[in-house]
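# Descriptive structure summary
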Amino acid sequence: MVILGSGIVLSIVVMTLIAPWISPYNPSALNVGPIRSPPSPQFPLGTNHLGQDMLSRVLCGGSIMLQVSVLSVLLCLAIGVPIGLISSYVGGAVDKIFSLITDSIYAFPGLVLAITIAAMLGRGAVNMAISIAVVYIPSYFRIVRSHVLTIKELQYTVAARAIGAKWYTILFRYILPNVVPSILSVVTVNFADATLTAAGLTFVGLGVTKDIPDWGWDLTDGRVLLPSGAWWVITFPGIMIILLALGFTLMGEGLSELLNPRLEQ
Amino acid sequence: MGLRSYIATRVLLTMPMIMLLLTFVFLIVRVLPGDPVLLHFEKAASPEAMELMRRELGLDKPLLDQYFAYLAGLLHGDLGKSMQDFSPIAQQIFSAFPATLELAIYSMIIAVGLGVFLGVRSSKSYNSVQDHSIRVFGIVMYAIPIFFLGMIFQLIFGVVLHWLPTGGRIYPGMEPSGLTIGGVHISTGLYTIDSLLEGNIVKFLQALRYLFLPSLTLGLVLCGVFIRLTRTNMLETLHLDFVTAAKARGLKERTVLYGYAFRNAFLPVLTMMGLQFAALLGGAILTETTFSWPGLGRYLVDRINFRDYTAIQGDVVFFGLLVALISLIVDILYAYFDPRIRL
Amino acid sequence: MPLLEVDSLTVEYWTRRGIIRAVDNVSFALDKGEMLGLVGESGSGKSTLGHSLVRLLPTQGSIVGGRIRIGGKDVVGYSEEEMRSIRGEKIAFVFQDPMTSLNPVKKIGEHLVELIQTHKPNVSREEALRFAEAALDDVGISTERINDYPHQFSGGMRQRIMIALAIALNPDIVIADEPTTALDVIVQAKVMDLLKDLCGAHGMALILITHDISVVLERCKKVIVMYAGNFVECADSVSLHNDPKHPYTQGLLRTVPNIELADQRLESITGSPPDLLDLPSGCRFWPRCPQAMKVCHMKGPSMVELENGCCVRCFLYGGLEQ
């Protein structure tokens, strides 16, 4: 499953990277073909209401989503993991405060929070990434924290303290390596959710500006074309989003199965 | 510890979280963007207009004062005034709330009903084709963006087949008005219930017709979680000792499956329902936008487009409180069903 | 006619590494009210035998040969529904771990009432409750606790509740699978005595499955010793104790510490039970047998019946003629 999932993700990444070279038309160029025309040999995926070629848009449209996902995961890792490690290791009031804060964020409906933050920060890929990251940091915090609390009391950590190891040594050389597998699981789920949330943010108008080809935009714009039955405008970008999210999810499922082998019946 | 003391403790513990939540929303909406009024007007507007707004909405006072006014207002059910026309936000929210509630209820029914049913079947036929296909179904469903699924449904059932409406809550003019008994007016705001109260089957069916696609969309996307949860728990529980012991006493298969296996596997489903409620509200935003459903989600998106920041704040606060309330109820229900927790 | 007749029963488990024959062609009979002890190490197949009598083998296990006759009728061929109707009512099972054998969300009174009403649907709830109270009383649990939940009881008390559930409907046969292994020593004795007394008082036959031979010698009239899927000796408890025939039985008896002797070294049987996927050739016990002969490496002995009604599976007592 991991292979399948990573395969899907990798092919999408590659496709996005080489897209500028292989797309038949400039995805943002208007009126390269008749507007709202169904799939044909000249435009295999049809054209939208602005006369843009859907094939080119589909090939290039993943870049924003990938960027946003990667950025948000990086942010989460950079903020969530250290805070989780330090907070749970130090314990006491600090830990209680951070736990309370992250629990409150965690309890909040994710999309609502992301939309609100994005609304206040404004449009753009970076802001999208930040909103998603804020929603996800509590998950990282929690996973890291639960591991740290367990390992903190294990023999070899106590032994390390007994020989006077510095706290950051213990944290990074003893505890962190054990937490990494679980973090990986969260990372893949994070990627999948980030993709879907980014699409959602774009759908409500909080994504990137319109001149950049993006699958989310195609879905939003394509909405008005539905009554006329122009199904191709939303279908193909939609399938791409599904594939991307699915790819990440499969990676995550496969990984967690590898890391926690299920009990054989 | 009895059930009552558990409830009391739980409620007390929720207080700090709610406080934190309220503070958060305040920070994000009022403090983060700097000056919400400026942001609202964007381009140059007359300073008088801005001043007027500030005064009307109490935004000219120092930040701390605003914070306390905000909290005090909440205690009275006052969520502030809209930037668009200075009308009370609470009123707007309360009129939009039943629509979201109705959508949420039906979606949850579909998600849990379908999810649990498929999960139980999946666990009974472990490792079979049926088992694997159900699991794949759940995973794929989760990966579909809600609004995309909604649009596909609209396309197929609305545009192509013309079977179901693609937007709105009911045919204009057909809103049910509930029941009036001797001067007392009973109406829940939920069209399906109100139409039954009224005794009007036509309205009831129409309400269901409009409700069908949005709740199916939201329900399908969320059912994946329940499939997986039910399946895992049933598999575990079916092999537990007390289930075998129950079989050894000759109890009927249905008793064992539901009274023993499921009842113990069910509790996590209940908790998950509470957790998923938050996801449900998030998904409702997208569903309502897609289907032009006049609920809190669409209200939020509307207000964002209008840059009506006070309304955004009010709506988000309401969302948060709603989720906190539901979590509380779920926790209490859990304690009722599982006596071990109370100790 | 004996109450229970097991005839050439063979039970196999399917595993990834191959098929394990946990019970290999065993036969025995049980009379009404008789108390039988089934003794063996882990992996001897005794638990599997017990489970197959109520047809509650795990999914990988199946009865591949033989007959189990209860009251003259062969239950190997019974459908699941037919089995269900006799379980609890005609033949009851007491499980090993009392901590996990009760439904955590049901009151213990409910456990009993549900059992009674399942098998006797015409009984009203009040009557069932009275039955339940009587059963609890029989096992020494205060009837005031009828509305308590399992987690509110200790291990020993939970096992008593399990016993109450087993005897509530006065079954003909009670099978107890290591009922005291999970309990501490003092409680063990109490629970064992309780089982014995109740079965005696109500005329129920008891099959006591255990690895502890000392427990069965005190309480059971007949004892069967099992090793690696085979019965190796059956005798009445007195004969078994005074004059054990099979080397394995002798070894088992030697391992029981005697509190009256000072300065005693703890004995054990050398070696460990065989891997059922890789059985030794000939007699399964020969690698650990202090009296093994050449023929034991080559052929497996069959059961030999001795004068006083006991049986032994060992070339020391015969069977060399074939």
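Here is what the cut-offs are and how they apply
- Residues numbered from 1 in each chain as written.
- Chains lettered and ligands numbered in written order.
- Predicted model: local features only at pLDDT ≥ 70, side-chain atom pairs only at ≥ 80, totals over all residues.
- Helix = DSSP H or I, 4+ residues; strand = E, 2+ residues; numbered from the N terminus.
- Rg over C-alpha atoms; globule rule 2.2 N^0.38 Å.
- Buried ≥ 20, exposed ≤ 12 C-beta atoms within 10 Å, placed from the backbone.
- Contact = placed C-beta atoms within 7 Å.
- Pairing = 2+ DSSP bridges.
- Core = buried A, V, L, I, M, F, W, Y, C linked by C-beta atoms within 7 Å.
- Nonpolar A, V, L, I, M, F, W, Y, C, P; charged D, E, K, R; others polar.
- Axes fitted to C-alpha atoms, helices over the stretch in contact; angles between N-to-C directions.
- pLDDT = per-residue confidence, 0-100.

Moving on, we come to the overall build of chain C. What chain C contains, in helices and strands, is 10 helices and 12 strands. For 322 residues, the compact-globule estimate of 2.2 N^0.38 gives 20 Å, and chain C sits close to it at 21 Å. Counting only C-alpha atoms, chain C reaches 65 × 50 × 40 Å along its principal axes. In chain C, which comprises 322 residues, the proportion classed as buried is 43%.

This part takes up the overall build of chain A. Across its full length, chain A carries 10 helices and zero strands. Listed by position from the N terminus, the elements making up chain A come as α-α-α-α-α-α-α-α-α-α. In chain A, buried positions account for 49% of the 265 residues. In chain A, the proportion of contacts linking residues at least 24 apart, taken out of those at least 6 apart, comes to 69%.

All names here are of chain C. Spatial strand order, E6-E7-E8-E3-E9-E10-E12-E11: eight strands in an open sheet with mixed pairing. Each having just a single partner strand, strand E6 (91-94) and strand E11 (304-305) make up the two edges of the open sheet. Summarising the sheet, E6 and strand E7 (residues 173-177) pair through four bridges and their orientation is parallel. Across the sheet, valine 94 pairs through a bridge with alanine 176, a residue of E7.

Taken residue by residue, a regular strand's side chains alternate between the two faces of the sheet. Residue and element names in this part refer to chain C. Among the six residues in strand E9 (residues 222-227), six count as buried, and that is most of the element. Of the two faces of E9, both are covered, the one formed by Lys222, Ile224 and Met226 as well as the one formed by Val223, Val225 and Tyr227. Judged from the four bridges that link them, strand E3 (residues 35-39) and E9 form a sheet pairing that is parallel. Looking across to E9, one finds that valine 39 is bridged to valine 225. Summarising the sheet, E9 and strand E10 (residues 230-236) pair through six bridges and their orientation is antiparallel.

On to the nonpolar core. In this structure, Ile115 of chain A together with Val174 and Leu206 of chain C are the most contacted members of the largest nonpolar core, which totals 253 residues. If sequence neighbours within four positions are ignored, valine 174 of chain C has contacts with Ala92, Val94, Ala166, Ile167, Cys199, Met204 and Leu206 of chain C.

Take the interface of chain B and chain A next. The figure often quoted for interface size is the accessible area lost as the parts come together. In this assembly, 41 residues from chain B lie in contact with 36 residues from chain A. Sorting the residues of the side of chain B that touches chain A by element identifies helix H1 (3-31), helix H6 (129-143), helix H7 (146-160), helix H11 (253-291), helix H12 (296-305) and helix H13 (309-337) of chain B as the ones contributing at least two each. Counting residues per element, the side of chain B that touches chain A draws most heavily on H11 of chain B, which supplies eight residues. Within the side of chain B that touches chain A, the residues separate by chemical class into 34 nonpolar, seven polar and no charged.

Residue and element names in this part refer to chain A. Locating leucine 255 in the fold gives a position in helix H10 (residues 232-259). Leucine 255 sits in the buried class, given 20 other C-beta atoms within 10 Å. Spatially, the C-alpha atoms of leucine 255 and serine 185 are 6.7 Å apart, while their sequence positions differ by 70 residues.

Moving on: the sheet that holds strand E4 (residues 61-70) of chain C. Residue and element names in this part refer to chain C. Taken in spatial order, the four strands of this open sheet run E2-E1-E4-E5, and their pairing is antiparallel. Strand pairing shows two members of the sheet lacking a second neighbour, strand E2 (18-30) and strand E5 (73-74), which therefore form its edges. The pairing of strand E1 (residues 4-15) with E4 spans eight bridges and is classified as antiparallel. When the sheet's bridge partners are listed, leucine 4 is paired in E4 with isoleucine 70. Where helix H1 (residues 46-53) meets the sheet, its contacts fall on E1, E2 and E4, and the angle it forms with E2 comes to roughly 70°.

Turning next to unusual backbone geometry. Note on backbone geometry: most residues besides glycine have negative phi, and most peptide bonds are trans. All names here are of chain C. With a phi angle near 45°, glutamate 178 is a residue other than glycine that sits in the positive phi range. For glutamate 178, the position within the fold is in the loop between E7 and helix H6 (185-202). Even without being glycine, alanine 228 reaches a positive phi, approximately 50°. In this structure, alanine 228 sits in the loop between E9 and E10.

Let's shift gears to the environment of leucine 281 of chain B. Relative to the helices and strands, leucine 281 of chain B resides in helix H11. As for leucine 281 of chain B and glycine 167 of chain B, which are separated by 114 residues in sequence, their C-alpha atoms are 19 Å apart. When near neighbours in sequence (up to four residues on either side) are disregarded, leucine 281 of chain B contacts Pro109 and Val112 of chain A together with Phe319 and Val323 of chain B.

Glancing now at the confidence of the model for chain C. Looking at chain C as a whole, the pLDDT averages 87, with 99% of positions reaching at least 70. Here the complex is predicted with pTM 0.71, and the ipTM for its interfaces comes to 0.80.

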